[in-house]
Amino acid sequence: MRHLLLFLTLCIASSVSAQDRVYDAIVAADGSGDFTTVQAAIDAVPDDNLDQYLIFIKAGTYNEHVFIPQQKSRLSMIGEGMDKVVISDNKLSGGPGAIPVDRAATVVVHANDITFQGITFVNSHGWENNSGPQALALYAKGDRIAIDHCAMLSYQDTYRTSEADNGRNYVSNSLIAGGVDFIYGNGNAWFEQCTIKITRKSGGWIVAPKHRLVTRWGYVFNHCTLTADGNPKETTIWLGRPWHHQPQTVFLHTRSEITLPAEGWFPHMAGLPSVFAEYNTMDADGKALDLSKRINRYYRIDEKKDTVWGTAKNVLTAAEAARYTVGAVMGGDDHWDPVKIFLPSKQPIGYVMVQGQRLPVNRHGCFTREGL
């Protein structure tokens, strides 16, 4: 049975009680909701439910490992804001006593059709120590995972994307921080207007994908900003390196406040990329960067210790860049449109008061966060 959230709307002349939005469950660390932990709320979600199940998470820090199994699909987890709701754990997937990522990532998602909004995911080992080994904040293994106004914080392997060759992750208006291979994995992932924060002064890598040739698009970063604390120009990082197979990554209309090596990409890991390319990369002042020295040759060492070479697309033309759209990359065979998930509804199912603003809520449980 859904629980009714009542919010008081203050008017100039008088105060009125407004019947606002209904969530299936409320999580509150202070005990004022239905559950005090995020995992307990997830455990209560009916298996194989047909409607989007809505969980509202009140402000607080939730120190726990969170697992969303495959049978808990069609689930929205909506937090009051990424500066207010933190899910944190500290397990390692590398070094002595390493735990597999399925059990070690702070939040692991096996299910499909999962929506996150207004939450920070932290692996405190990587984030607080600013060092490795692997310490994941989020492993979004499923398909049709939509993330908006969230943060993913660690150092090495912060965010692992879908495990399926054409599984889809969509990330918008979010912060992703790390220093080593901190966006990595498989599937098609679209990053829209995200802030990529580098926490290592030099020598690190942003992406480490492992796409196979059957993957249609790979990683697409669109209108994202690369930055760092202090004077960002003093930070240098490679755009990425090929973890396995034939990975694909493109950066479109990137604003690079940090310093990128002239070569752009690191030439060696265990794969040979098919596309490691850019279009219209700019500096902090909006001036186009010189991409003429970006590498297009990569190598790996095979089982016989022989060096195997390959080439990859390194710079896109305007026509090639125009092929990368949310519809093309995220649509798939079912025409999924993640952008609609976060749009205000013309017929909201309710309202929510956030930081003094009365905001309409759509059927996914999401509300606009402009200005918040």
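Above: the structure in question.
Just so it is clear, the model here is predicted, and its values are computed rather than measured.

(A) Local environment of the pattern of salt bridges. This structure, assessed with the given rule, holds 18 salt bridges. Aspartate 89 serves as the salt-bridge partner of lysine 91, at 2.7 Å between the closest nitrogen and oxygen. Among the residues examined, aspartate 89 registers a relative accessible area of 11% and is labelled buried. Because the salt bridges share partners, they merge into one network encompassing Asp113, Asp143, Arg144, Arg168 and Asp334.

(B) Local environment of the packing of aromatic side chains. With the rule as written, the count across this model stands at 14 aromatic pairs. Their ring planes at 5 degrees and their centres at 4.3 Å tell us that phenylalanine 191 and phenylalanine 221 sit as a pair that is stacked. With phenylalanine 191 in strand S19 (residues 188–192) and phenylalanine 221 in strand S22 (residues 219–222), the pair connects residues that are 30 residues apart, well separated along the chain. Residue phenylalanine 191 is classed as buried on the basis of its relative accessible area, which comes to 0%. Ring plane angle 45 degrees and centroid distance 5.1 Å describe the contact between tyrosine 299 and tryptophan 309, whose orientation is recorded as tilted. Taken together, the positions of tyrosine 299 in strand S29 (residues 297–301) and tryptophan 309 in strand S30 (residues 307–311) put the pair ten residues apart, joining distant regions of the chain. Note on tryptophan 309: relative accessible area 46%, which makes it partly exposed. Joined through ring pairs, the aromatic side chains of Tyr159, Phe191, Tyr219, Phe221, Phe251, Trp265, Phe276 and Tyr298 make up one cluster.

Thresholds applied
Residues numbered from 1 in each chain as written. Predicted model: local features only at pLDDT ≥ 70, side-chain atom pairs only at ≥ 80, totals over all residues. Heavy atoms only, no water. Salt bridge = Lys/Arg side-chain N within 4 Å of Asp/Glu carboxyl O. Buried < 20%, exposed > 50% of the residue type's maximum accessible area, 1.4 Å probe, protein only. Phe/Tyr/Trp six-rings, centres within 6.5 Å; stacked < 30°, edge-to-face > 60°. Helix = DSSP H or I, 4+ residues; strand = E, 2+ residues; numbered from the N terminus.

Without other data, these values stay purely geometric and don't point to any function.
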